[in-house]
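Okay, here's what each chain looks like letter by letter:
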Amino acid sequence: MARVLVIEDEPLVAHLVQQVLSRAGYEVQRARGGEEGLQRLEGVDLVICDLVMPGLLGRETIRRIRAQGGPPVIALSASVTSDRREEALESGAVAFLGKPFEPQDLLGVVEWVLQSKNSRAV
């Protein structure tokens, strides 16, 4: 199963994402911020990154991941506005998920991104 890196500074959100994905069979790693996340990219198939974090902001983290040819990124944000969504996608995220989210919505987006990634690689 795919390896997912969750870059999220809120412990409860990070734990929820990890639980949902682990139960679905994904291998999940966590990072508390952008700098830590950038150091943990090796072997990762997908990144889920919060947009608002202390230190390196999510949009800059996403830009750096994509600039180095890293895995696709799903952006998370409690600010569910069209501007925030546009900011995430312009930074290089392939999908956007607002907080709070339903577990099945998280799984649906993760599966869609991974299937899209795999179909492009063929």
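This report concerns the structure included in the present document. As the structure is a prediction and not an experimental result, all values here were calculated from the model.

About the cut-offs
- Residues numbered from 1 in each chain as written.
- Predicted model: local features only at pLDDT ≥ 70, side-chain atom pairs only at ≥ 80, totals over all residues.
- Heavy atoms only, no water.
- Helix = DSSP H or I, 4+ residues; strand = E, 2+ residues; numbered from the N terminus.
- Rg over C-alpha atoms; globule rule 2.2 N^0.38 Å.
- Buried < 20%, exposed > 50% of the residue type's maximum accessible area, 1.4 Å probe, protein only.
- Contact = heavy atoms within 4.5 Å.
- Arc of directions from axis to C-beta.
- Pairing = 2+ DSSP bridges.
- Expected span 1.5 Å × (residues − 1).

So, on to the overall build of the chain. Within the chain one finds five helices and five strands. Walking the chain from its N terminus toward its C terminus, one meets helices and strands in the order β-α-β-α-β-α-β-α-β-α. Relative to its length of 122 residues, the chain is compact, with a C-alpha radius of gyration of 13 Å against a globular reference of 14 Å. Once the C-alpha set of the chain is aligned to its principal axes, its extents read approximately 30 × 30 × 30 Å. Counting the 122 residues in the chain, one finds 47% classified as buried. In the chain, of all internal contacts separated by at least 6 residues, the share reaching a separation of at least 24 is 60%.

In this section: the side chain of Thr61. With respect to the helices and strands, Thr61 occurs in helix H3 (residues 58-67). Among all residues touching Thr61, those that are not within four sequence positions of it are Ile7, Gly34, Leu38, Cys49, Met53 and Leu56.

Turning our attention to helix H4 (residues 82-91). Of the residues making up H4, those classed as buried are Arg84, Ala88 and Ser91. Taken down its axis, H4 places every buried residue within 70° of arc, on the same side. Those residues of H4 that are exposed and aimed more than 90 degrees away from the buried face are Ser82, Asp83 and Glu90. Contacts from the buried residues of H4 go to H3, strand S4 (73-77) and strand S5 (95-98).

Attention shifts here to the pairing of strand S3 (residues 46-50). Burial runs high along S3: five of the five residues are buried. Here S3 shows a buried face lined by Leu46, Ile48 and Asp50 and a second buried face lined by Val47 and Cys49. Of the strand pairs in this sheet, S3 and S4 are connected by four bridges, and their pairing is parallel. Bridging from a neighbouring strand, Asp50 pairs with Leu76 of S4.

Let's shift gears to helix H1 (residues 11-23). Its 13 residues give H1 an end-to-end C-alpha distance of 18 Å, which sits within 8% of 18 Å, the value for a rise of 1.5 Å per residue. Those residues of H1 that sit buried are Ala14, Val17, Val20 and Leu21. Buried residues in H1, looked at end-on, bunch into an arc of 135°, giving them a common side. Exposed and facing more than 90 degrees away from the buried side of H1 are Pro11, Leu12 and Arg23. Positioned one or two residues after H1, Gly25 has a phi angle of 100°, which is positive.

From the geometry alone we can't say anything about function, so treat these as descriptive.
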